[in-house]
There are 2 protein chains.
Amino acid sequence: MDQDKFIEAGIINIGDEILIGQIQNTNASFIAQSLTSIGVHVKKIMVVGDEKESILSAFEEMLTSCNIVIVTGGLGTTNDDMTKDCICKYFHRELMENKSVLNYLQSVIHARSRTIPNTVLKQAMLPVGSEAIANEIGFAPGIWMEYEEKILVAIPGVPQEMQAMLLKVLEKIEIHYHINQHIIHKHIQTFGISEALLSENLSVFEKNLPPCIRLAYLPKAGYVSLRLTGYSSSMQKLEAELEKQISHLSHYVGEYIFSYENKILPELIADKLKERKQTLAVAESCTGGYIAHSITLLSGSSNYFKGGIVAYSNEIKCNVLGVEQQLINQQGAVSEEVVMQMAKNVLQLYNVEYAIAVSGIAGPDGGSVEKPVGTVWIAVADKNNVHAKCFSFGNGRERVIRQSATAALYMLYKLLTSIKNNNNREVGK
Amino acid sequence: MDQDKFIEAGIINIGDEILIGQIQNTNASFIAQSLTSIGVHVKKIMVVGDEKESILSAFEEMLTSCNIVIVTGGLGTTNDDMTKDCICKYFHRELMENKSVLNYLQSVIHARSRTIPNTVLKQAMLPVGSEAIANEIGFAPGIWMEYEEKILVAIPGVPQEMQAMLLKVLEKIEIHYHINQHIIHKHIQTFGISEALLSENLSVFEKNLPPCIRLAYLPKAGYVSLRLTGYSSSMQKLEAELEKQISHLSHYVGEYIFSYENKILPELIADKLKERKQTLAVAESCTGGYIAHSITLLSGSSNYFKGGIVAYSNEIKCNVLGVEQQLINQQGAVSEEVVMQMAKNVLQLYNVEYAIAVSGIAGPDGGSVEKPVGTVWIAVADKNNVHAKCFSFGNGRERVIRQSATAALYMLYKLLTSIKNNNNREVGK
């Protein structure tokens, strides 16, 4: 394969639920991003319904204009799942039993106490000449079919299964095409500045970027991640160029950067706490368990996270968390004093080194002139200190919840890094 | 227009940023949903890059197979905006100045203090024979082009502009095709049966469905929702036919159906608790706050949800939740006895009418031969009773967490409905 020539890919997503607009086609963007990341050029994305004719004409069109076609969906065992049939028809193949898939399915049926119908074993039948791509989460194996220098890959539409299997597909594509263009991604995470303002501050930087490097803005809930992607056949040159550009970038927006790692805040916090063998607890009001959930989504979190209290009513803030009733009466539940008591008390009650507490108004109800919807007090505490800060996140219940969680985790992370680096607390400023 | 014949539409989204996976194609799902809502059948969605050749071939393909084609993107005035050029080329038209668009643009330039470049006036040039669709937010007018009984509509890709203009497009489509077709969706929610088994049980039902009604399987985290969609010019007939089909469907899978409402479990639970003015608390181990989060995502949840305890470590189960240390030593934290104590204790501690408790192994670590990863005990309690049940959710940390939450909410919902209906507890069987 000529290295200067792009490998072109097409993506076909099969599913009526996308065509009626019931679900977002998140699979397409995930696959597009993944293919782009290994240097494959995505030429076209198509969504078609669960109809043979549409699927076959999509195969025809995509295989004519692209080197690789990735198909998602239609691999179940129900009547409206017809991807496999279409592959057989298009390539004039029969189905044949794949022994390793069959063994896998039988072992799963055996292992689960819950009844799995034997119709699932149909999944072991694959088009002659194709390779199976193992599905370690669900039942339907993926299908890798090479034909006249073209490749068609079919994987399930269930996002979790698709994502796990796509990793294997990307590896196979890299091997197949001897892709040796190096691609390096560098991540720069910022907090406290909007995407619009970032892009204004970085407009000169962006204009001066060499053509082999691209800047992407990846806005998340409550913060913006930047990604520099470089392409080159020389790894060494590319690394050096990227380092140079990152130092330019820091010149413009350095004060907002909190990490150069491609990790989410709960991961960054996990690293610090595990390193120090210290523990954490949370006291949540308006975030209602979301911070605890964000932390416990990570495997191994039980090593440093003891748990928390969701104190959604004032009664619980007093009776379970031990906040003084008088304080709530005087200052209101959404106040510096209350959130600091919440943090200190949960730290003690859970016997941990660090605590986070959040109390705010997620809305749409509960706002006032003084404390409008989106007002959120956040405190972080260790054994010696507690700091609190007030944020205004505006409207949108789910947005307020997510942004509050991000801000709380950010405050904790800053506390953890300030201790290590210079003992100078920056939190709450 | 024959009312029994579907009007078929295609959607073309133009934009490199979608092909590299940088942004979600939210425009496609918005347009698909809108078209579906007025009875137009979306046949295909295509995403192509900012290249003339790709755009023209997309026009060709879509106009061949669909009655209406909606195009978004590529209507700006920069070099990579070529939708208008492609329309002219495809339909062999010249550009002509549209007076009303010109007037509008001039008035905007005049009104805004901010300098707007005169290049914007280029937007007044539209293909001969087309109609302009007014853009009240931005500069680029939409283009409505009728040609040999087909319609091509081009609107900007900026979601806000697109959404406002699509309303006008839908109106014009309804007038053009004299649409008076009714569409009704009916939802049937099932728990405790896999999609594969459901579809096996419903295969006869599905085969006998009249052509105007379609069945869709919508698998969620831990349960499967079914949707019957009917199309007809007579609302009354359609309602009657759908009722009939739902009763047929219940005949096959009735025991798994828990709701005919298009609501998620936290909403169904909210309705019951608000109706009775009763309250709820949770004690979570492996779900780590996710149940509390699911409940508090709903606005108004503070009316019936007091909060909960995330007892992620055994120490907290004992010291905060008051579970007996001996019980954990003897039975293990993931056991019927412990989860029942968790439920009873949080009920008392939070002084609520209902409590949920969950203790399980989300993995990937912590499993054993007796209690493999995915083993989860769930208890629901009211003032008089507590019931527990064991589930095996298999691998996948996030999956186990979500399925546990669904099962726990389901158990609570069944408890709430059984009390109302016949005082016969079905939970835990």
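Residues numbered from 1 in each chain as written. Chains lettered and ligands numbered in written order. Predicted model: local features only at pLDDT ≥ 70, side-chain atom pairs only at ≥ 80, totals over all residues.

**Some remarks on the overall build of chain A**
- A tally of regular secondary structure across chain A gives 15 helices and 17 strands.
- Each principal axis of the C-alpha atoms in chain A carries an extent, and together these give about 80 × 60 × 45 Å.
- Taking all 429 residues of chain A together, the buried fraction comes to 45%.
- Long-range contacts, defined here as pairs at least 24 residues apart, represent 64% of the contacts in chain A between residues at least 6 apart. (Helix = DSSP H or I, 4+ residues; strand = E, 2+ residues; numbered from the N terminus. Buried ≥ 20, exposed ≤ 12 C-beta atoms within 10 Å, placed from the backbone. Contact = placed C-beta atoms within 7 Å.)

**Considerations on the sheet that holds strand β12 (residues 257–259) of chain B**
Residues and elements named next belong to chain B.
- Spatial strand order, β10-β11-β9-β12: four strands in an open sheet with antiparallel pairing. The sheet is open, and its two edges are formed by β10 (213–219) and β12, each paired on a single side. Direction aside, the axes of adjacent strands within the sheet are offset by 35° on average.
- In the sheet, strand β9 (residues 182–190) pairs with strand β11 (residues 224–232) via nine bridges, with the strands oriented antiparallel. Within the sheet, the bridge partner assigned to I183 lies in β11 and is Y231.
- Here helix α9 (residues 235–253) sits on the sheet in contact with β9, β10, β11 and β12, set at roughly 20° to β9. (Pairing = 2+ DSSP bridges. Axes fitted to C-alpha atoms, helices over the stretch in contact; angles between N-to-C directions.)

**Quick look at the interface of chain B and chain A**
- Residue-level contacts link 64 residues of chain B with 64 residues of chain A.
- Broken down by class, the residue content of the side of chain B that touches chain A amounts to 28 nonpolar, 24 polar and 12 charged.
- As paired elements, strand β14 (residues 305–311) of chain A and strand β14 (residues 305–311) of chain B share five bridges and run antiparallel to each other. Bridging across to β14(B), G307(A) finds its partner in A311(B). (Nonpolar A, V, L, I, M, F, W, Y, C, P; charged D, E, K, R; others polar.)

**Quick notes on the sheet that holds strand β10 (residues 213–219) of chain A**
Residues and elements named next belong to chain A.
- Spatially, four strands are ordered β10-β11-β9-β12 in an open sheet, and the strand pairing comes out antiparallel. Bordering the open sheet on either side are β10 and β12 (257–259), each of which pairs with just one other strand. For this sheet the average axis-to-axis angle between neighbouring strands, irrespective of direction, equals 35°.
- In terms of strand pairing, strand β9 (residues 182–190) meets β12 through two bridges, oriented antiparallel. When the sheet's bridge partners are listed, Q189 is paired in β12 with S259.
- The strands touched by helix α9 (residues 235–253) within the sheet are β9, β10, β11 (224–232) and β12, with β9 carrying the most contacts at an inclination of about 20°.

**Let's talk about the nonpolar core**
- A343(A), V346(A), A343(B) and V346(B) are the most contacted members of the largest nonpolar core, which totals 253 residues.
- Sequence-distant contacts of A343(B), that is, excluding residues within four places in its chain, are made with A283(B), A355(B), I356(B), A357(B), A379(B), V380(B), A381(B) and V386(B). (Core = buried A, V, L, I, M, F, W, Y, C linked by C-beta atoms within 7 Å.)

**Description of the pairing of strand β16 (residues 375–381) of chain A**
Residue and element names in this part refer to chain A.
- Counting buried residues along β16, seven of its seven residues qualify, which places the element largely inside the surrounding structure.
- Neither face of β16 is open: one carries T375, W377, A379 and A381, the other V376, I378 and V380, and all of them are buried.
- Strand direction decides the pairing type here: strand β15 (residues 354–360) and β16, joined by six bridges, are antiparallel. Counted as the bridge partner of S359 is W377 from β16.
- Where β16 lies against strand β17 (residues 386–392), seven bridges are found, and the strand directions are antiparallel.

**Here we look at the packing of helix α2 (residues 26–37) of chain B against helix α6 (residues 159–177) of chain B**
Residue and element names in this part refer to chain B.
- Where α2 contacts α6, the two axes come as close as 11 Å, and the packing angle between them is 20°. Taken together, the axes of α2 and α6 are roughly parallel relative to one another. At the point where α2 passes α6, the crossing takes the right-handed sense. Residues T26, N27, F30, I31 and S34 of α2 form the contact with α6, whose participating residues are P159, M162, Q163, L166 and L170.
- Looking at side-chain class alone, the contact of α2 with α6 contains six nonpolar, four polar and no charged residues. (Parallel < 35°, antiparallel > 145°, perpendicular 65-115°, else oblique. Left-handed = near helix turned anticlockwise from the far one by under 90°.)

**Regarding unusual backbone geometry**
Residue and element names in this part refer to chain A.
- A cis amide bond links G363 to the next residue, P364, at an omega of 0°.
- Checked against the element boundaries, P364 lands in the loop between β15 and β16.
- Positive phi values are uncommon outside glycine, yet K277 reaches one of about 55°.
- The topology assignment puts K277 in the loop between α10 (265–276) and β13 (280–284).

**Here's the deal with the packing of helix α3 (residues 52–65) of chain B against helix α4 (residues 83–91) of chain B**
Residues and elements named next belong to chain B.
- Axis separation between α3 and α4 bottoms out at 10 Å; the angle between their running directions is 55°. It follows from the interaxial angle that α3 and α4 lie oblique. Once α3 is placed against α4, the crossing between them reads as right-handed. On α4, the residues that touch K52, I55, L56 and F59 of α3 are T83, C86, K89 and Y90.

**A closer look at α2(B)**
- The end-to-end C-alpha separation of α2(B) is 17 Å, in line with the 16 Å expected for 12 residues at 1.5 Å each.
- Three or more residues of α2(B) are buried, namely N27(B), A28(B), S29(B), I31(B), A32(B), L35(B) and T36(B).
- Where α2(B) is buried, its residues contact α1 (16–19) of chain A together with β1 (7–14), β2 (40–48), β3 (68–72) and α6 of chain B.
- Immediately downstream of α2(B), the backbone of G39(B) shows phi near 90°, a positive value. (Expected span 1.5 Å × (residues − 1).)

**Description of the domain arrangement of chain A**
Residue and element names in this part refer to chain A.
- Segmenting chain A into domains produces domain 1 (7–176), domain 2 (182–259) and domain 3 (265–422).
- Inter-centroid distance (C-alpha atoms) of domain 2 to domain 3 is 31 Å.
- Of the residues lining the interface, six residues belong to domain 2; the matching set on domain 3 comes to seven residues.
- Of the residues that constitute the side of domain 2 that touches domain 3, the class distribution is four nonpolar, two polar and no charged. (Domains from an automatic or database assignment.)

**A word on the environment of E174(B)**
- With respect to the element layout, E174(B) can be found in helix α6.
- Taking C-alpha positions, E174(B) is 19 Å from L63(B), a pair spaced 111 residues apart along the chain.

**Details of the pairing of strand β13 (residues 280–284) of chain B**
Residue and element names in this part refer to chain B.
- By the criterion of burial, β13 is predominantly enclosed, with five of the five residues buried.
- What you see with β13 is no split at all: L280, V282 and E284 on one side and A281 and A283 on the other are buried throughout.
- In this sheet, β14 lies alongside β13 in parallel orientation, the contact comprising five bridges. Bridged to A283 within β14 is I309.
- As for the winding sense of the linkage, the β-α-β connection from β13 through helix α11 (residues 290–296) to β14 is right-handed. (Right-handed = clockwise from strand over helix to strand, strands pointing away.)

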